Amino acid sequence: MTDAKKQAALDYHSQPIPGKLSVELTKPTDSAKHLALAYSPGVAEPCREIAKDPENAYLYTGKGNLVAVVSDGSAILGLGNLGPLASKPVMEGKGVLFKKFAGINSVDIEVDAESPQAFVDTVARIADTWGGINLEDIKAPECFEIERSLIERCNIPVFHDDQHGTAIVTAAGLLNALDIAGKALQDARIVCLGAGAAAVACMKLLVSCGAKAEHIDMLDRKGVIHGGREDLNQYKAMFATDTDRRTLDDAIDGADVFVGLSGPNLLSPEQLQSMASNPIVFACSNPDPEIHPDVANATRDDVIMATGRSDYPNQVNNVLGFPFIFRGALDVRATRINEEMKVAAVHALKDLAREEVPQVVLDGYEIESLSYGRGYIIPTPLDPRLLGWVASAVAQAAVDSGVARKPYPSNYPLQSVDDIYG
Ligand SMILES: NC(=O)C1=CN([C@@H]2O[C@H](COP(=O)(O)OP(=O)(O)OC[C@H]3O[C@@H](n4cnc5c(N)ncnc54)[C@H](OP(=O)(O)O)[C@@H]3O)[C@@H](O)[C@H]2O)C=CC1
Ligand SMILES: CC(=O)C(=O)O
Ligand SMILES: [Mg+2]
């Protein structure tokens, strides 16, 4: 970013008031009568009802439309472990996206925990307050055990966005990119740079969508993950292959797909040059991708290029997932977000990209036209149809797979966030 853009980003966060989120009132509070309802003595009535039946919290409080965005700051975007407080702008940012795109209220919680167990205990003790918990920017391998324990201990959806949100969006974008490149997922040779939270979840979901595990080379800082390595944790070991390839140079040669979930500037033009025809490059590290799109496009004119950024075409970013996935899950009061709901979200995103693009999206990006093809493999976050398409697919899958505690909502498909209360 230029110095001017960096300053603009700081100004955006600090002016006219610090931060990006605020709390609003939903009831009148202008008279003594109102106060006697909102606070003492009236507030005692819903307290008594909730004490009788905890489900009444959904009726008398904001719980059912409230998601906690929780981080320990150990893997903030691709910036690394900067600690809990430095993650707050990202967590507030996730809250902005929840509210703007799905009408969901959220509170960011940055936890300074000395161990994964302390983190889990902290979150589990406050879990009843929320309708759902979105874990964010927690590094691997700790994130896997943290999420598993919290899912076990909580009866609300717990979802590690960097794993599953990223995987859902990546799978949808990749299915379309392969379609445009004239290739099939089961034949594609895939290189995944990174072997952390996002990478492991993305490759697992791609395999469940039809990719061949033996066609995937996953790499960490030490190179290709292969069966001869003795330093692999159980999550990396799932992707160990029987191969002689050891470096990114070895793995990328002739590959159809590069998925970067690692760090900045790690894929060189020479490496891109050695990929197969119509190479698909998802350089998803934020804020700086594994290869800059200007460099990639200057290197090959047949590249299908995506990044996690909002300022280039094909934004493969979990913003296309978590707001709408939680919307659907909350509205049917799902106890968890299961594989069926994730796969339903993949297909909704994939299919929506093949529809005509509405004018409001063109206006938002200040462009004249946009249609399914190399420069448009995935819907943009500003597409108002995401709410209806993705939340409906997720809610239906929750009902069909038996994790919903309420029926498919009668006010679905949602046209806008103004419709969420029916
Ligand atoms: N576009 C999107 O929607 C999303 C993008 N991301 C991006 O993915 C990246 C990883 O995030 P996340 O999975 O949460 O973090 P983790 O800390 O869990 O994982 C990071 C992984 O990247 C690997 N890595 C780091 N540097 C290198 C390198 N030089 N060469 C090879 N591998 C490297 C690490 O290797 P090792 O295991 O050896 O330490 C580790 O496996 C970030 O840049 C993040 O911004 C994440 C989520 C969503
Ligand atoms: C987008 C996101 O969640 C990340 O880069 O961590
Ligand atoms: Mg993240």
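Here, residues in each chain are numbered from 1, in the same order as that chain's written sequence. Each chain is given a letter, starting from A, and each ligand a number, starting from 1, according to the order in which they appear as written. Totals for whole chains, interfaces and linings use all residues, but because this is a predicted model, local features are given only for residues with pLDDT of at least 70 and pairs of side-chain atoms are given and counted only at 80 or more. The basis for the side-chain values is all heavy atoms of the structure; hydrogens and waters are excluded.

Draft legend 1. Up close: the site of ligand 1. Surrounding ligand 1, one finds 26 residues, the nearest of these being Ala195, Ala198, Arg221, Lys236 and Ser285. At 2.7 Å from an oxygen atom of ligand 1 is found a side-chain nitrogen or oxygen belonging to Ser285. Reported accessibility uses the Shrake-Rupley method at a 1.4 Å probe radius. Residues are deemed covered only where the shown protein chains occlude them. Considering ligand 1 on its own, with 910 Å² of exposed area, one finds that the protein chains cover 85% of that surface. For this classification, Asp, Glu, Lys and Arg are treated as charged, while Ala, Val, Leu, Ile, Met, Phe, Trp, Tyr, Cys and Pro are nonpolar and the rest, including Gly, are polar. Of the residues belonging to the shell around ligand 1, the class tally is 11 nonpolar, 10 polar and five charged. Just so you know, the domain bounds were taken from an automatic or database domain assignment. Formed jointly, the shell around ligand 1 draws a minimum of three residues from each of two domains, domain 1 (46–156) and domain 2 (162–422). Residues are counted as near a molecule or strand when any one of their heavy atoms sits within 4 Å of it. Polar contacts here mean pairs of N or O atoms no more than 3.5 Å apart (in protein, one a potential hydrogen donor and the other a potential acceptor; neighbouring residues in sequence count only if both atoms are side-chain atoms).

Draft legend 2. Fine view of the site of ligand 2. Around ligand 2 sit Leu77, Lys94, Glu136, Asp137, Asp162, Asn286, Asn317 and Asn318, and that is every residue in its neighbourhood. One nitrogen or oxygen atom from the side chain of Lys94 is found 3.0 Å from an oxygen atom belonging to ligand 2. Within the contact set of ligand 2, an oxygen atom lies 3.0 Å away from a side-chain nitrogen or oxygen of Asn318. Alone, ligand 2 offers 220 Å² of accessible surface; in the complex the protein occludes 85% of this. Each residue belonging to the shell around ligand 2 can be placed in one class, and the counts come to one nonpolar, three polar and four charged. Summarising the domain contributions, the shell around ligand 2 has at least three residues from each of domain 1 (46–156) and domain 2 (162–422).

Draft legend 3. Structural view of the nonpolar core. One finds Ile133 and Met203 to be the most contacted residues of the largest nonpolar core, which totals 102 residues. Of all hydrophobic cores here, the second largest spans 18 residues; its members include Leu219, Phe258, Ala283 and Ile291. To define a nonpolar core, start from buried Ala, Val, Leu, Ile, Met, Phe, Trp, Tyr and Cys residues and group those joined through side-chain atoms within 4.5 Å. For every residue, the accessible area obtained with a 1.4 Å probe (protein chains only) is divided by the maximum for its type, and the residue is called buried under 20%, exposed over 50%, and partly exposed between those limits.

Draft legend 4. How the structure looks around the packing of aromatic side chains. Only the six-membered ring of Trp is used, alongside the rings of Phe and Tyr, when aromatic pairs are assigned; centres must lie within 6.5 Å, and planes under 30 degrees apart are stacked while those over 60 apart are edge-to-face, with the rest tilted. Evaluation of the coordinates by the stated rule reveals six aromatic pairs. Between Phe98 and Phe322 the ring centres are 4.9 Å apart and the planes differ by 65°, which places this aromatic pair in the edge-to-face class. Of this pair, Phe98 sits in helix 5 (residues 88–102) while Phe322 sits in helix 14 (residues 322–331); the two residues are 224 residues apart in sequence, bridging distant segments of the chain. Members of the aromatic cluster, joined through ring pairs, are Phe98, Phe159, Phe322 and Phe326. Here a strand is any run of E in DSSP of at least two residues, a helix any run of H or I of at least four, and the numbering for each starts at the N terminus.

Draft legend 5. Fine view of the domain arrangement of the chain. Structurally, the chain comprises domain 1 (46–156) and domain 2 (162–422). For domain 1 versus domain 2, the distance between C-alpha centres works out to 23 Å. Each partner contributes residues to the interface: domain 1 has 34 residues there, and domain 2 has 29 residues. Counting the surface lost from both domain 1 and domain 2, the interface buries some 2600 Å², and carbon and sulfur atoms represent 59% of this. If you sort the residues of domain 1 by the area they bury against domain 2, Phe101, Ala102 and Phe144 come out on top, with a joint share of 24%. The salt bridge definition used is simple: a Lys or Arg side-chain nitrogen within 4 Å of an Asp or Glu carboxyl oxygen. One can count two salt bridges joining domain 1 with domain 2. Residue contacts are counted whenever heavy atoms from the two residues lie within 4.5 Å of one another. In this description, buried area is defined as the sum, over both parts, of the accessible area (probe of 1.4 Å) that is lost when the two are combined.

Draft legend 6. Representation of the sheet that holds strand 3 (residues 132–135). For two strands to pair, DSSP has to find at least two bridges joining them. Read across the open sheet, the four strands follow the order 2-1-3-4; overall the sheet is parallel. Looking at which strands have only one partner, the edges of the open sheet turn out to be strand 2 (105–110) and strand 4 (158–160). In this sheet, adjacent strand axes meet at a mean angle of 20° when their direction is disregarded. Two elements, strand 1 (residues 66–71) and strand 2, share six bridges in a ladder whose sense is parallel. For helices, the fitted axis covers only the stretch in contact; all axes are lines through C-alpha atoms, and the angles between them, taken along N-to-C directions, range from 0 to 180 degrees.

Draft legend 7. Structural view of the coordination of the magnesium ion (ligand 3). Summarising the metal site, the magnesium ion (ligand 3) is bound by the protein donors Glu136 (OE), Asp137 (OD) and Asp162 (OD), whose distances to it range over 1.9 to 2.1 Å. Coordination shells were defined by N, O and S atoms within 2.8 Å of each metal, extended to 3.2 Å for Na, K and Ca; water is absent from the atom set, which can make sites look incomplete. Look at where the donors of the magnesium ion (ligand 3) fall in the sequence and you get E-D-x24-D. Note that Asp137 is positioned in the loop between strand 3 and helix 7 (142–153) and Asp162 in helix 8 (residues 161–181), a separation of 25 residues in sequence. The two residues Asp137 and Asp162 agree in class, both being buried.

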